[in-house]
Amino acid sequence: MSRARQPPLVTGISPKEGVAWTKVTIRGENLGMGPPDLIGLLICGHNCLLTAEWMSASKIVCRVGPAKDDKGKIIVTTKSGGLGTSTVSFRLLKPERIGILDQSAVWVDEMNYYDMRTNRNKGISPLSLRPSNPLGIELDKGKIPQKDMELIFPRMSGDFTSENFSATWYLIENHSESSFEQLKVAANNLKKQATKKNEGSLAYVKGGLSTFFEAQDALSAIHQRLESDGTERVEGSMTQRLENILNRASDTADTLFQEVLGRKDKADSTRNALNVLQRFKFLFNLPLNIERNIQKGDYDVVINDYEKAKSLFGNTEVPVFKKVYAEVETRIQALRRLLLEKLLQTPSTLHDQKRYIRYLSDLHAPGDPAWHCIDAQHKWILQLMQDCRDEFITGQRVSMGALDLEGDARPSALGRLGHTTTLKRGGSLRIPRSNTWHYETPQQVQFVEKLSDVVIGQLPNFWKLWISYVNGSLFSETGEKSGQVEKSKKNARQRQNDFKKMIEEMTHRLVKLVRGALLPTTLPKSEQNLYGGWDNKTDLSGVWLTQIMHTIRACHEALSALEIPNDLLQVIQDLLLDLRVHCLMVTLVHTTEDVKRLAEKEDWVVDNEGITSLPSQFEQCLVQMLQSLKEPLEVKPGEINVLQLEQVQDQATELSVNIMRDFINCLEQLSIKTGGDIVSSHDISVDLSSPDRFPGIQEGFSPTSEQRLLIILSNCQYLERRTLLNLADHFEKHGFTGTEKITQVSVDAVRQLDRNLFEAYIERRADPISGSLEPGIYAGYFDWRDCQTPTGVRNYLKEALVNIITVHAEVFTVSKDLVPRVLSKIVESVADEMCRLMQCVSTFSKNGALQARLELCALRDAVATYLNPESNGSFKLALDALPQLHSGADKKLLEELLNKFKSSMQLQLTCFHPACVQPVKR
């Protein structure tokens, strides 16, 4: 009959998965007629019959045992139905290892765990448990020796319970040959573990929910029994008996395990002490580590360790921790003093300053280290500037290593200007500089160069340090540490006026030192001793002043590029203005001296236009002067035009006029210069056939006084016609506003000199010719009232013409442009003298009148090219004073004699013809 019943059939299980010893409820059909009928229960291959509790033919409750299979069927066996089947399956999860800090709803027994430190099985307390495989994948021990790992990862460890745990070390040691997919699985396992830990109490409650229910059921059963038995505390009651049983069990347990538990407590205490030392070894080793890292300069490591120790043990009440932490504070205080000393040490780079300030801020140093650094740098820069001046004043070139900071290979300002500024003034008037040029540089120039290098080298870093202090970047480059940044900004706002005074003091010191070297009269007398003292040094020329001005401009531009406010740099602009004015005046004065020395350069060699090199040298001198003034007169942004200042304009115009006058005086001095080789005026009538009569004007020859007059006259004409106009254009091009006055004064002076020289030359050449006429006319007791019939022009007139030809040749040799002007005046003087002589004759005979008319007509026709209204009038008056010719024979005779004269003197008179050959320089 029992065989006739259907076999058991499992149709459901709750829950469907769980770890070993999970309580499950099995539902199905024909699960037995009662507890004795149930003879077998397998879940995932594990016999669970011992924990099974038969509830009904369709329900069984049991606990899942530690089966080998992860997933399997639920098989129920009964006496009445035999071996059953299952339509569902159960999944057995691997149990999670309970750590020392994990919550657990059940008691965790001590078990045998694998100790990685000793490589042997050892029963240890759960307090020292640690997972052997935290990644949850198969271990694959590497073959790299431990010593090599320690060299690769100094001061690190592959033990994941260590404070210096290195994940890279652990992966190389345990998973060196794991595939990337396996590592991805390991990463997912770690994420799951982190998720489970975050679930906290909820997971704890869910995991122990069945335990809570069992406890509740047990308590309810006890409560029901107590109610039925009574709650009185009487002898023999169930409650009393239960209490007695429990007390006896407790006493027996204490007797049995007292010694074992004592040893266990002592071992636990020792183990806990070792755990404390191991756990807090960071704090105990920190003082020694701080000393070592300070010696190595690893201040970042020290600060990070200190911040960590402060956050963990800053407020501890544990005596041993307080003692060790006090020692740490002592080391940190010494580090603060060391960093502050390094911060205030000079010279130092901007990078080091920022680094030390950030260190001190992170160490919570008292006061404001950034402001202390700014103040120290300010005093140091001022001292550098003053030392630079004292060095040059005393002439003792002490070591200036402090000025060449950071291995600065930047060339000095003097070197930077060497390719742009010419060091020659006046062209050929200046001897080219030798190879020892740098060593011949005036002391003031070298001083300004060195001073500028100090300012340009130090002030930018000083300004950048302040900017970093203002915007808070001293403490954070990325925006963190907002508290320190805001504190820095607040301190900067409070000290803004103090810093402005520092910049003003440095710029004023720079300006006063330069003024003391170049413009001492612009300093108050009380400051001349402090910043002056250059009385015995060389006065600088305009070129050196221009170079200094260029240096100061470069310094100003470098400071302006830092975006320093213009009001703080205005004092440098004022210095530049005074230097530009001073350079202008000094250049004009030195040019005046150069012009005065131009007379020494006159070589008296004329070109085809009758001009020597003197006007060209004069023009070149002034052009080079104006070119050297190009930079002083140039108007940079923020500067004013010095020539627009009324006082400067008047002084520059006056000095320019003096230059012109000095050159004209130089020409005048050359015109009156005398020498032992000057030919006297009576030599003018020497024989024209002499080959040495008109020597070529060549280099090395000394001209006569008359030739000097002619050459200077020719130069004066060239000056008025060309040079002065060119110079006027150059003056206007360079912005001189008094050009009209300069040109007008110069032209007037040249014209006055021209008139004086021309009159002097005419006086020297015309007077001898005119003076020789009267003695020549009356030579041999000639009498106009009693003379023979004319046979030709007498010799006195021929001699006069030859003397005029001599003057023509002399003038033509120098400049053909002067010939008409000079010859016209000479002819005018001779005609006037002939008119006077004819008018003085009281009576002419017929032959005398014919002779006089012949000579007057011969002279007039010979010099007809150079007749002017005055000379024409004189000839007319002279002819009118003669008796008229009435007979045709006399007129014919007169014409024949004139033709004879012109024929005989044709060669000599050719020079008077309008078409003349061009002069040739010989």
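Residues numbered from 1 in each chain as written. Predicted model: local features only at pLDDT ≥ 70, side-chain atom pairs only at ≥ 80, totals over all residues. Heavy atoms only, no water.

## Regarding the nonpolar core
Phase 1 of the analysis: Counting residues in each nonpolar core, the largest one holds 107 residues, and the members touching the most others are L584, F618, F736, V822, I826, M838 and F912.
Phase 2 of the analysis: Within the second largest apolar cluster, 85 residues are counted, among which are L451, L459, I548 and V571. (Core = buried A, V, L, I, M, F, W, Y, C linked by side-chain atoms within 4.5 Å. Buried < 20%, exposed > 50% of the residue type's maximum accessible area, 1.4 Å probe, protein only.)

## Thoughts on a positive patch on the surface
Phase 1 of the analysis: On the surface, K71, K73, R91 and K192 cluster together into a patch of positive charge.
Phase 2 of the analysis: Tracing the backbone through its elements, the reader meets R91 in strand 11 (residues 89-93).
Phase 3 of the analysis: Owing to a relative accessible area of 47%, R91 belongs among the partly exposed residues under this scheme. (Patch = residues over 30% accessible without salt bridge, like charges linked within 9 Å, V, L, I, M, F, W, Y side chains within 5 Å. Areas by Shrake-Rupley, 256 points an atom, 1.4 Å probe, with all protein chains shown as cover. Salt bridge = Lys/Arg side-chain N within 4 Å of Asp/Glu carboxyl O. Lys, Arg positive; Asp, Glu negative; His and termini not counted. Charge placed at Lys NZ, Arg CZ, Asp CG, Glu CD. Helix = DSSP H or I, 4+ residues; strand = E, 2+ residues; numbered from the N terminus.)

## Structural notes on the sheet that holds strand 7 (residues 59-63)
Phase 1 of the analysis: Spatially, five strands are ordered 6-7-3-1-10 in an open sheet, and the strand pairing comes out mixed. Each edge of the open sheet is held by one strand with a lone partner, namely strand 6 (53-56) and strand 10 (85-86). (Pairing = 2+ DSSP bridges.)

## Describing the packing of aromatic side chains
Phase 1 of the analysis: For the structure shown, the criterion picks out 14 aromatic pairs.
Phase 2 of the analysis: Plain terms: the ring middles of F280 and F313 are 5.8 Å apart, the flat faces sit at 75° to each other, and that makes the pair edge-to-face. Taken together, the residues F280 in the loop between helix 6 (238-279) and helix 7 (281-296) and F313 in helix 8 (residues 299-313) connect sequence positions 33 residues apart.
Phase 3 of the analysis: Put simply, the rings of W371, F462, W463, W466 and F499 touch in pairs and so form one group of aromatic residues.
Phase 4 of the analysis: Here R794 stacks its cationic end above the ring of F782, 3.9 Å away from the centre of that ring.
Phase 5 of the analysis: The cationic tip of R821 hangs over the ring face of F758; the distance from NZ or CZ to the ring centre is 4.0 Å. (Phe/Tyr/Trp six-rings, centres within 6.5 Å; stacked < 30°, edge-to-face > 60°. Lys NZ or Arg CZ within 6 Å of the ring centre and 35° of its normal.)

## Considerations on the pattern of salt bridges
Phase 1 of the analysis: Summed over all chains, the structure comprises 29 salt bridges.
Phase 2 of the analysis: Residue R836 is joined to E774 by a salt bridge in which the shortest nitrogen-to-oxygen separation is 3.4 Å. Placement of R836 in helix 26 (residues 819-840) and of E774 in helix 24 (residues 773-777) is noted, with a sequence separation of 62 residues between them.
Phase 3 of the analysis: Of the residues examined, R836 reaches a relative accessible area of 36% and is grouped as partly exposed.
Phase 4 of the analysis: The closest approach of N and O atoms between R785 and D783, which form a salt bridge, is 3.6 Å.
Phase 5 of the analysis: Relative accessible area serves as the criterion here: at 29%, D783 is assigned to the partly exposed category.

## Describing unusual backbone geometry
Phase 1 of the analysis: In this structure, P15 follows S14 across a cis peptide bond, with omega equal to -5°.
Phase 2 of the analysis: Note that P15 resides in the loop between strand 1 (9-14) and strand 2 (17-19).
Phase 3 of the analysis: The phi dihedral of N30 is positive, around 60°, even though this residue is not glycine.
Phase 4 of the analysis: Structurally, N30 can be placed in the loop between strand 3 (23-29) and strand 4 (38-43).
Phase 5 of the analysis: You will see that E563, though not glycine, has its phi angle at about 65°, which is positive.

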